[in-house]
Amino acid sequence: SAPPSGGATAGLPTPYAEAVLDLVERIPPGRAMAYGDVAAALQRGGGPRQVGTVMARFGSGVPWHRVVRADGSPAAGHEAEALRRHRRFRNDLQ
């Protein structure tokens, strides 16, 4: 079977997208997962690009800054916001 597209049907998340968002919501504060690790944990045939598609379309309601590239860097174009959120979390711990 084909891998999940990560897309939407009529603007609503697919079951694969819902699974991605559920997993991302469970990443603990102070931790991160790579897009590929999210895909592997789901064991549903998608890959990092499908996870990225889900995050781009629906990720604003979950802790998106906890999903990073394989090299540990934040999503392109969101580096400053991810750093701000990380610093806020770190300050909350003190």
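Residues numbered from 1 in each chain as written. Predicted model: local features only at pLDDT ≥ 70, side-chain atom pairs only at ≥ 80, totals over all residues. Heavy atoms only, no water.

### Re the nonpolar core
Step number 1: Membership of the largest hydrophobic core comes to 21 residues, with the highest contact counts inside it found for Val 20, Val 51 and Met 55.
Step number 2: Residue assignment for this core shows that the elements contributing at least two residues are helix H1 (15–25), helix H2 (35–42) and helix H3 (48–58).
Step number 3: Not counting residues within four places of it along the chain, the set of residues in contact with Val 20 comprises Val 38, Leu 42, Val 51, Val 54 and Met 55. (Core = buried A, V, L, I, M, F, W, Y, C linked by side-chain atoms within 4.5 Å. Buried < 20%, exposed > 50% of the residue type's maximum accessible area, 1.4 Å probe, protein only. Helix = DSSP H or I, 4+ residues; strand = E, 2+ residues; numbered from the N terminus. Contact = heavy atoms within 4.5 Å.)

### Description of the packing of H1 against H3
Step number 1: Contact geometry for H1 and H3: axes closest at 10 Å, N-to-C directions at 80 degrees. Regarding the angle of H1 to H3, the classification is roughly perpendicular. The residues of H3 that touch H1, namely those facing Tyr 16, Ala 17, Val 20, Leu 21 and Val 24, are Gln 50, Val 51, Val 54, Met 55 and Phe 58.
Step number 2: Grouping the amino acids of the contact of H1 with H3 by side-chain chemistry returns 9 nonpolar, 1 polar and no charged. (Axes fitted to C-alpha atoms, helices over the stretch in contact; angles between N-to-C directions. Parallel < 35°, antiparallel > 145°, perpendicular 65-115°, else oblique. Nonpolar A, V, L, I, M, F, W, Y, C, P; charged D, E, K, R; others polar.)

### A closer look at the pattern of salt bridges
Step number 1: As enumerated under the stated definition, the model contains 1 salt bridge in all.
Step number 2: Measuring nitrogen to oxygen at the nearest pair gives 3.3 Å for the salt bridge that ties Arg 26 to Asp 22. (Salt bridge = Lys/Arg side-chain N within 4 Å of Asp/Glu carboxyl O.)

### Details of H3
Step number 1: Among the residues of H3, Val 51, Val 54, Met 55 and Phe 58 are the ones counted as buried. Buried residues in H3, looked at end-on, bunch into an arc of 100 degrees, giving them a common side. Relative to its buried face, H3 has exposed residues pointing more than 90 degrees away, namely Arg 49, Ala 56 and Arg 57. (Arc of directions from axis to C-beta.)

### Overview of unusual backbone geometry
Step number 1: Unusually for a residue other than glycine, Gln 43 sits at a positive phi of about 50 degrees.
Step number 2: Under the relative-accessibility criterion, Gln 43 is labelled exposed at 72%.

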